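Architecture and fold: a report
What follows is the residue order along each chain.
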Amino acid sequence: MGLRAEMPLLARHEGEWAGEYVHVDKDGAVIDRHHVEMTCAIVGDTGYHQTNRYRWDDGRTEVHEFPGTYLGGGRCAFDTERLSGQFWELDDNTIYLTWRFKAEGDDLRLFELIVLSADGDSRSRTWQWIRNGECVRRTLIDERRTA
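Let me begin by describing the structure that accompanies this report. (Residues numbered from 1 in each chain as written. Predicted model: local features only at pLDDT ≥ 70, side-chain atom pairs only at ≥ 80, totals over all residues. Heavy atoms only, no water.)

**Considerations on unusual backbone geometry**
For N132, which is not glycine, the phi torsion reads 50° and is therefore positive. Looking at where N132 falls in the secondary structure, it is placed in the loop between β9 (122-131) and β10 (134-145). Note on N132: relative accessible area 63%, which makes it exposed. (Helix = DSSP H or I, 4+ residues; strand = E, 2+ residues; numbered from the N terminus. Buried < 20%, exposed > 50% of the residue type's maximum accessible area, 1.4 Å probe, protein only.)

**Quick look at the environment of T46**
For T46, the position within the fold is in the loop between β2 (30-43) and β3 (47-55). For the pair T46 and M1, spaced 45 residues apart in the sequence, the C-alpha separation amounts to 9.5 Å. Apart from the residues lying within four places of it in its own chain, the contact partners of T46 are L3, G68, T69 and Y70. (Contact = heavy atoms within 4.5 Å.)

**What to know about the pattern of salt bridges**
Under the criterion given, the structure shown has twelve salt bridges. Residue E134 pairs with K26 through a salt bridge whose shortest N-O separation is 3.2 Å. In this pair, E134 is assigned in strand β10 and K26 in the loop between β1 (15-25) and β2, connecting sequence segments 108 residues apart. We classify E134 as partly exposed; its relative accessible area is 42%. The exposure class of K26 is partly exposed, given its relative accessible area of 48%. The closest approach of N and O atoms between E104 and R131, which form a salt bridge, is 3.0 Å. Linking E104 in the loop between β7 (94-101) and β8 (108-116) with R131 in strand β9, this pair joins segments that are 27 residues apart in sequence. (Salt bridge = Lys/Arg side-chain N within 4 Å of Asp/Glu carboxyl O.)

Here's what the structure looks like:
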């Protein structure tokens, strides 16, 4: 069996998404806000590929590619120059990720929940940034399917 069959929720995320990232500090103050357009795709039997295109209101842009590999047993891993981690499905609506930004060192870990709506047209994502066991930042993301 391949990735699509063993991770059916991930397969439901395939397509184009648009939304907004809001980063808040540990007290809830907004420290960054930007737009995202994202492409999610399963490639062959064992590959996952995500492209994130970020745009800030001041005109700045960034594009990041996230190739992933199916490890079997319902788990995927990703390892780029920028970050590394794993993800898996928790239930019929929720994907869980844990990763680290390589430049930040091992004492900062990120934990994300992605919850897909029943109709598959919207999703909410939350990140917790944990440094040495303490939450130092949160990221709140709301997205809508565009294609």
